[in-house]
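A structural walkthrough
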Amino acid sequence: MVKIAPSILSADFAAMGDAVREMERAGADLIHVDVMDGHFVPNLTFGPPMVSAIRPHTRLPLDVHLMVEDPGWLVPLFIRAGADYVTVHEEGTPHLHRVVTAIREGGAKAGVALNPATPLAMVEDILEELDMVLLMSVNPGFGGQSFIPKALERVERLKAMIETRGLSTLIEVDGGVTAGNADQLKRAGADILVAGSAVFGAPDRPKAIRELRG
Ligand code: DX5
Ligand code: ZN
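Residues numbered from 1 in each chain as written. Chains lettered and ligands numbered in written order. Predicted model: local features only at pLDDT ≥ 70, side-chain atom pairs only at ≥ 80, totals over all residues. Heavy atoms only, no water.

Just so we agree on the cut-off: UniProt positions are given in the numbering used here, feature names are shortened, and annotations may be inferred rather than shown by experiment.
If you look the chain up in an unreviewed UniProt entry, it shows as Ribulose-phosphate 3-epimerase from Gehongia tenuis. Here the chain is described in UniProt, under the heading Pathway (unreviewed entry), as follows: "Carbohydrate degradation." Listed in UniProt under the heading Sequence similarities (unreviewed entry), the comment for the chain reads: "Belongs to the ribulose-phosphate 3-epimerase family."

Quick notes on the sheet that holds strand S8 (residues 192-195)
Which entries qualify depends on this criterion: Note: two strands are recorded as paired if DSSP finds a minimum of 2 bridges between them. Only runs of H or I of at least four residues qualify as helices and only runs of E of at least two qualify as strands under DSSP, and these elements are numbered from the N terminus. In this description, a line fitted to the C-alpha atoms serves as the axis of each element, helices being fitted only across the stretch in contact, and the angle between N-to-C directions of two axes falls anywhere from 0 to 180 degrees.
A sheet is described by the order of its strands in space; here 8 strands give the open sequence S1-S8-S7-S6-S5-S4-S3-S2, paired in parallel fashion. Two strands bound the open sheet, and with one partner strand each, they are strand S1 (3-6) and strand S2 (31-36). Within the sheet, the average angular offset between the axes of one strand and its neighbour, ignoring direction, is 25 degrees. Note that strand S5 (residues 109-114) and strand S6 (residues 132-136) share 4 bridges and pair parallel. Within the sheet, the bridge partner assigned to Val-112 lies in S6 and is Val-133.

Here's the deal with the coordination of the zinc ion (ligand 2)
Rule in force here: Note: metal donors comprise N, O and S atoms at 2.8 Å or less from the metal (3.2 Å for Na, K and Ca); water molecules are not included, so apparent gaps in a site are possible. Three labels apply to residues, based on accessible area from a 1.4 Å probe with only protein chains included: buried if under 20% of the type maximum, exposed if over 50%, partly exposed otherwise in between.
At the metal site, the zinc ion (ligand 2) is ligated by His-32 (NE2), Asp-34 (OD), His-65 (ND1) and Asp-174 (OD), and these contacts range over 2.0 to 2.3 Å. Sequence spacing of the donor residues for the zinc ion (ligand 2), all on one chain, is H-x1-D-x30-H-x108-D. Within this pair, whereas Asp-34 is found in strand S2, its partner His-65 is found in strand S3 (residues 62-67), the two being separated by 31 residues in sequence. Each member of the pair Asp-34 and His-65 is classed as buried.

Notes on the packing of aromatic side chains
The description of an aromatic ring pair uses the distance of the two centres, along with the angle that the planes make with each other. Formally: Stacked, tilted and edge-to-face are the three classes applied to pairs of Phe, Tyr and Trp rings, where Trp contributes its six-membered ring and a pair requires centres within 6.5 Å; stacked means planes under 30 degrees apart, edge-to-face means over 60, and tilted covers the rest.
Applying the stated criterion to the full structure yields 1 aromatic pair. With a centroid separation of 5.2 Å and 50 degrees between ring planes, the pair formed by Phe-13 and Phe-46 is classed as tilted. Taken together, the residues Phe-13 in the loop between S1 and helix H1 (16-25) and Phe-46 in the loop between S2 and helix H2 (48-54) connect sequence positions 33 residues apart. Given the relative accessible area of 10%, Phe-46 is considered buried.

Here it is, written out as structure tokens:
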């Protein structure tokens, strides 16, 4: 079954503990934490202290998405703060293998994210080392943007690449995910759907999560 990872980027920043507790009760599978540095993307969010602050409020895995230039130095800080998954952007570092190795050696699961225009080939030679590939279905930086339809075909091609090699790398899709495209994404091979506005903007959040899961 597909997993749902609500993004706390769309939650009330003054009540993050409540937000993650609510998401756990509502049936979420992971908590997606969007870290933005104001350089890699034109927005600024939070650092490791936010992860340590929410850690005691949920048992769900914390899925930390680093939209950060040169993320290497931040990796041990986020792992120490309680991150379960650490995902870095391929476009953010010339030393992807080194960063991925550091994530795994630090005891966390390693993900690599690709922007909508980055060829899938950029993860081809590191796929064996990855627990997850995050495909962006919007340009990173903000919640509430519209889904870029081309992402569907990218999920299919990545799924084929993973299966051909007999790997169990997870595919996470992030950006503009709604109840209207979740089914297609699942059929294309997505394992985890990130949803910010589709969950936090819904009047009935548990229902929104159930509808995404389908
Ligand atoms: C975008 C972030 C996403 C974002 C998703 O830069 O990486 O995780 O919060 O928000 P929605 O679901 O509203 O597109
Ligand atoms: Zn994200």
